[in-house]
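Residue-level listing of the chains:
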Amino acid sequence: RRLYAAVGGAAFLVASAARAAAAVAHALGVTNVFLLYLVAEPLFIPIVASGVSMLTCNHLDVFRPFPHLARDDTLRCYGPEHFPYMAMGAAVALSAPLIAVWFLTRVVPKQDLAVIELRHFAVARVALRWFAAAFSVAQGEVEMTRTE
């Protein structure tokens, strides 16, 4: 019974987030389809990578390789001043795939009737690009802060 309630609550949160992302995407789509195309296709990986990079932190380590690549050495990692950046990064990294999937499955078929992409293929393509961007940034941050 608890499992049923937990799954129901999680499904409600996911459905609510999807509806909110779809509403935002629809509002953007009404104003400019090209802007949604940019979010869904060429700028998807940079947007997700920027969002995920806000979740990571460069510690104040003088032995860190490539210290010139640190974004802000004065920022205390995972402290109160880092939390707004983490929240924004999580919101960006999680809403970009929802907007991209909505655009690729709802808007694109109405724009170009000659090209048909199966919905599950569009979802898989977005999911794999999201995973590649998130994993690359996380692995790059680990390598950048590694000491031997």
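Residues numbered from 1 in each chain as written. Predicted model: local features only at pLDDT ≥ 70, side-chain atom pairs only at ≥ 80, totals over all residues. Heavy atoms only, no water.

Details of the overall build of the protein chain
Link 1 in the chain: Per the secondary structure count, the protein chain includes five helices and zero strands.
Link 2 in the chain: When its helices and strands are written in sequence order, the protein chain yields α-α-α-α-α.
Link 3 in the chain: Among the 148 residues that make up the protein chain, the fraction classed as buried is 27%.
Link 4 in the chain: Restricting to contacts in the protein chain with at least 6 residues of sequence separation, those with at least 24 account for 67%.
Link 5 in the chain: As displayed, the protein chain has an accessible area near 10000 Å², and 71% of this comes from carbon and sulfur atoms. (Helix = DSSP H or I, 4+ residues; strand = E, 2+ residues; numbered from the N terminus. Buried < 20%, exposed > 50% of the residue type's maximum accessible area, 1.4 Å probe, protein only. Contact = heavy atoms within 4.5 Å. Areas by Shrake-Rupley, 256 points an atom, 1.4 Å probe, with all protein chains shown as cover.)

Quick notes on the packing of aromatic side chains
Link 1 in the chain: Inspection of the entire model under this criterion finds one aromatic pair.
Link 2 in the chain: Measuring from centroid to centroid gives 5.8 Å for F131 and F135, while their planes differ by 20°, and the two rings are stacked. On the criterion of helical spacing, the pair formed by F131 and F135 is a turn pair, its members being four residues apart in helix α5 (residues 119-144).
Link 3 in the chain: For F135, a relative accessible area of 46% corresponds to the partly exposed category. (Phe/Tyr/Trp six-rings, centres within 6.5 Å; stacked < 30°, edge-to-face > 60°.)

Structural notes on the side chain of R129
Link 1 in the chain: Looking at the element boundaries, R129 is found in helix α5.
Link 2 in the chain: Not counting residues up to four positions away in its chain, the partners in contact with R129 are A40, E41, F44 and I45.

Re the side chain of S53
Link 1 in the chain: Mapping S53 onto the fold places it in helix α3 (residues 44-55).
Link 2 in the chain: Only 2.8 Å separates the side chain of S53 from the backbone oxygen of S50, close enough to count as a polar contact. (Polar contact = N/O pair within 3.5 Å; in protein donor to acceptor, adjacent residues only side chain to side chain.)

Overview of helix α4 (residues 83-111)
Link 1 in the chain: Its 29 residues give α4 an end-to-end C-alpha distance of 40 Å, which sits within 8% of 42 Å, the value for a rise of 1.5 Å per residue.
Link 2 in the chain: Of all the bends in α4, the largest measures some 35° and sits at L104. (Expected span 1.5 Å × (residues − 1). Bend = angle between axes of the 7 residues up to and from the residue.)

Here we look at the pattern of salt bridges
Link 1 in the chain: As enumerated under the stated definition, the model contains three salt bridges in all.
Link 2 in the chain: Taking the shortest distance from any N to any O, the salt bridge between R125 and E41 comes out at 3.1 Å. Of this pair, R125 sits in helix α5 while E41 sits in the loop between α2 (33-40) and α3, and the two are 84 residues apart along the sequence.
Link 3 in the chain: On the accessibility criterion, E41 (22% relative accessible area) is partly exposed.
Link 4 in the chain: Members of the salt-bridge network, linked through shared partners, are E41, E117, R125 and R129. (Salt bridge = Lys/Arg side-chain N within 4 Å of Asp/Glu carboxyl O.)

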